[in-house]
Amino acid sequence: MTALAIVFWICVGLLLYAHVGYPLLLGGLARLRPRRGAPTPSGEPLPTVSVIVAAYAEENVIAERIANLRALDYPAGALELIVASDGSPDETVERARAAGADLVLELPRGGKIRAQDAAVARASGEIVAFSDANVGWEPDALAELVAPFADPQVGYVCGDVRLMSERGTNQEGLYWRYEMALRALESRVHSVTGGNGAIYATRREAYIVVDPIMGHDLSFPFNMVKRGWLAVYAPGARASEKMVPTIEGEFARKRRMMGHTWPIVVRGGMLSPRGYDPAYALMILSHRILRYVSPFLHLIALGTSIALLGQGWVYVVAVAIQGAILAAALAAGAIPLRPLLVARYYVMTTASLLAGLWDWLLRGTPAGWEPAEGTR
């Protein structure tokens, strides 16, 4: 076998492992470990919780968000609602106060992370929970979210997000169900490798102040593990969020996200094995690092398979499969059939990893944030 063929098969093997092999491995490991049971009721009162909503230009949804949080099945005396307005240019602050938030912070524009930091500094709860303004929580979501903290080893908990579709071309819902399944398995085996911004919480003492361009979704779980905490998934803590309706809008959203992801990967400590045990190091490599380098693996696999044409039928098949996926992605713009849309989603979201890296290297990553397309 030539060196070129070895490179091709390594790239193909890593891609197959990242998308298929890793979930199968997790499933096998999860069966070997007992399920982390629900904490036994101790008769102790529920912990006090400060729910923090960082908001920028959310005047159209902030009152509804506060009403949703007020309706939670959680003792009113143990719940504090904080809205941290990140220099909103509209009436977000006024409407949040009128809707009954316990504390509304009117902050200068500094980015979502700094708004959350300011809110945590003013929070009184034992647990600090976070949510976006365009999200809805089910009535028992907060109780389910804080339940794992009965285990003193748990420092971070993320919940389950259901993406609500409005008949657009975006296939994010399919991908997100896959991600939630992986998260459930990771939580059973050890700790999750990523969270989400719609519903998550930390112990106040475990909260980490990170670089303002490094979002909590990715930076919190692995940093919690490095500090000796567990980062777990609570499937019963359910939230719903509107999905960006178009694949093009999803590409733009993911491109912005990847501009924040690459600094975490490259200089945020994710690549350093210090603080990881072998199982979690494998999970970070499998679910995060291989996922982020997948555009490069795809490009190398395509280039080497073309170069290897004439050296066996398998390379003809490989080029044909890759060409068919690209052709399906292109055709989806004119023929919005589900298989074609899935191909387009995969190609565009994979490309967003490269686009986000390009943006970060070319002009850096701003700490500011904007409302997503179709979610207002």
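Parameters and conventions
- Residues numbered from 1 in each chain as written.
- Predicted model: local features only at pLDDT ≥ 70, side-chain atom pairs only at ≥ 80, totals over all residues.
- Heavy atoms only, no water.
- Buried < 20%, exposed > 50% of the residue type's maximum accessible area, 1.4 Å probe, protein only.
- Helix = DSSP H or I, 4+ residues; strand = E, 2+ residues; numbered from the N terminus.
- Contact = heavy atoms within 4.5 Å.
- Phe/Tyr/Trp six-rings, centres within 6.5 Å; stacked < 30°, edge-to-face > 60°.
- Lys NZ or Arg CZ within 6 Å of the ring centre and 35° of its normal.
- Core = buried A, V, L, I, M, F, W, Y, C linked by side-chain atoms within 4.5 Å.

Visitor: Describe in detail helix α7 (residues 216-226), supporting the description with residues and values.
Guide: An α-helical turn contains 3.6 residues, so any two residues separated by three or four positions project in the same direction. For α7, the tally of buried residues reaches nine of eleven residues, placing the bulk of the element in the interior. When we look at burial in α7, the residues that qualify are His 216, Leu 218, Ser 219, Phe 220, Pro 221, Phe 222, Asn 223, Met 224 and Val 225. At its buried positions, α7 is contacted by α4 (112-122), β6 (154-164), β7 (200-203), β8 (230-242), α8 (247-267) and α9 (278-292). Among the residues trailing α7, Gly 228 stands out with phi positive, at a value near 95 degrees.

Visitor: Describe the packing of aromatic side chains, listing the residues and the values that go with them.
Guide: Enumeration according to the criterion identifies twelve aromatic pairs in this entry. Relative to Trp 9, the ring of Phe 8 has its centre 5.0 Å away and its plane inclined at 75 degrees; by these criteria the two rings are edge-to-face. An angle of 80 degrees between the planes, with centres 5.5 Å apart, marks the rings of Tyr 207 and Phe 220 as edge-to-face. Note that Tyr 207 is positioned in the loop between β7 and α7 and Phe 220 in helix α7, a separation of 13 residues in sequence. Judged by relative accessible area, which is 13%, Tyr 207 ranks as buried. Grouped by ring-pair contacts, the aromatic residues Phe 130, Tyr 156, Tyr 200, Tyr 207 and Phe 220 constitute a single cluster. The ring of Tyr 56 is capped by Arg 109, whose NZ or CZ atom sits 3.6 Å from the centre of that ring. For Lys 226, the ring lying beneath its charged end belongs to Tyr 276, and the centroid distance is 4.2 Å.

Visitor: Describe the side chain of Thr 261, naming the residues involved and giving the relevant values.
Guide: Within the element layout of this structure, Thr 261 appears in helix α8. Judged by relative accessible area, Thr 261 falls into the buried class, the value being 9%. Excluding residues within four positions of it along the chain, Thr 261 makes contact with Leu 218 and Tyr 292.

Visitor: Explain the nonpolar core to me, and be specific about the residues and the numbers.
Guide: The nonpolar side chains of a soluble globular protein tend to be buried, and buried together. In terms of nonpolar packing, the biggest core is built from 67 residues, with Val 51, Trp 137, Leu 142, Leu 145 and Ile 199 touching the most fellow members. Discounting residues that sit within four places of it in the chain, Leu 142 has contacts with Val 49, Val 51, Leu 72, Tyr 74, Leu 79, Ala 129 and Trp 137. Formed by 24 residues, the second largest nonpolar core is a distinct cluster that contains Tyr 22, Val 189, Val 225 and Tyr 280.

Shape descriptors only; they carry no functional weight alone.
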